[in-house]
Amino acid sequence: MTTVIFNAHDITLLVVFYICLLFSLLIMTTRPNPTYLWLSAFLLSQAGLSAYILCLYGVDFHLWALQNMPTAFAILEISFWVEGPLLLLYTRSAIYQKMYFKRRDVFLVLPLLIYIGVVLYATLSFEAMHGADFLLFLRSDNIQYYEHTRNIVRAAFGFWAFFTIQSYQSKIASAYSNSEPIDYAWLKLLVVGFIILRTWDEFYLLVYTLVSKFMADDTIAKINFDLLGVLSNYGQLILTSALLFFALSDSRKIPRVNKDTFESINQPSTQVNYSAEQITRVSHYMEKNRPFLDNQLKIDELAQLVSLSPKALSNLINREFNVNFFEYVNNHRLKEVKKHLANPKMSEQSIIDLAFLAGYNSKSSFNRLFKLDTGQTPSQYRKHALIIANQ
């Protein structure tokens, strides 16, 4: 057999299409929770992108689409416009326990509205045989300016997703009682990879636009623009593979707080005076019931236990104890573990076991915080405390 059915670039796109479509359907049917459903939708958009590129640039696929499904070009075009919002929604669902939509989130539907407007314009302004009106639009003069807009919108949503992670990471101490192990690296890596790919798409399109406008045809012929585009396809395969590898592992390594709770406790607020009873209630509950022993304790959970709103509790802790939520809980854990370390009856237990009993969930985090507080390692503290206790 000597006939070449597909070239290597077509195979790359076919692999991306197959993987994304397969795992999208698999996730949709086996993991019906919001995080994985947004992941499934994002993967479906990536499958649509691969199919679109195959239909537009793959000779055999192009002919098949023209003859059998000329509307495919318009239908698959939606993938470009929805992938950004879907990435942002997946990012939010991966870090927030519950999501609530605000007025500003109307921008999430803006790309879809642009897509609908463009399809209507193409339908009304172009008329092609077999109904491939959108294909004529894609081949019209100055189409690259439409593609510039499309690329910029896609990259913008990538940056929005990245800054969402950054903001969450910088404020998590106000709502969560353990800072480690918090694994943001894989999610950041995926979002950064998306931004790089979409920025690359815009870069080589910008180069093509400028070269076409200011340089002669013989100069243009020397630049392999097809290769620049193909590199993006291989990047898409790498991004998709990384996404599936990390996202289908345990995304719950990232502590999740309700989005409403998280935003309310981080909003600037006016000075609030608290009654002595409210302050005593919180302190008494922490001393008597020791909720800090739960290494996953979040501010909304503690707020419910002491009959305060999360925002009220956050303000009370900040202003009455001059610390954030993480520091407040950590102070109680340190007090607890110091008591264990100084207890001769617990001298046979390992230090890390005592740390876990006090509510820590990471050895490195415990050692760092303990030395920061006491100026000693836990073993040094224990040695001195047991000497004093046995005198």
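Above this text you will find the structure in question.
Residues numbered from 1 in each chain as written. Predicted model: local features only at pLDDT ≥ 70, side-chain atom pairs only at ≥ 80, totals over all residues. Heavy atoms only, no water.

Enquirer: Teacher, can you tell me more about the packing of aromatic side chains here?
Expert: Here the distance between the centres and the angle between the planes together describe a pair of aromatic rings. Applying the stated rule across the entire model yields 17 aromatic pairs. A centroid spacing of 6.0 Å and a plane angle of 50° characterise the contact between Trp81 and Tyr146, whose relative ring orientation is tilted. A residue pair is termed long-range when its members are at least 10 positions apart, and Trp81 in helix 5 (residues 78–95) and Tyr146 in helix 8 (residues 143–171) qualify at 65 residues. Each member of the pair Trp81 and Tyr146 is classed as buried. Here the aromatic rings of Phe157 and Trp160 are separated by 5.6 Å at their centres, their planes lie at 25°, and the arrangement is stacked. With a gap of three residues between them, Phe157 and Trp160 both fall in helix 8, about one helical turn apart. Judged by relative accessible area, Phe157 falls into the buried class, the value being 7%. A relative accessible area of 26% means that Trp160 is categorised as partly exposed. (Phe/Tyr/Trp six-rings, centres within 6.5 Å; stacked < 30°, edge-to-face > 60°. Helix = DSSP H or I, 4+ residues; strand = E, 2+ residues; numbered from the N terminus. Buried < 20%, exposed > 50% of the residue type's maximum accessible area, 1.4 Å probe, protein only.)

Enquirer: Before we go on, may I ask you to explain the nonpolar core in this structure?
Expert: Nonpolar side chains in soluble globular proteins tend to be buried together. Phe134 and Phe137 are the most contacted members of the largest nonpolar core, which totals 58 residues. Counting residues per element, this core draws most heavily on helix 2 (residues 34–57), which supplies ten residues. In contact with Phe137, not counting residues within four places along its chain, are Val118, Tyr121, Ala122, Phe126, Ile143 and Tyr146. Counting residues in each nonpolar core, the second largest holds 18 residues, with Phe292, Leu308, Leu313 and Tyr328 among its members. (Core = buried A, V, L, I, M, F, W, Y, C linked by side-chain atoms within 4.5 Å. Contact = heavy atoms within 4.5 Å.)

None of the figures reported here should be taken as evidence of function without further support.
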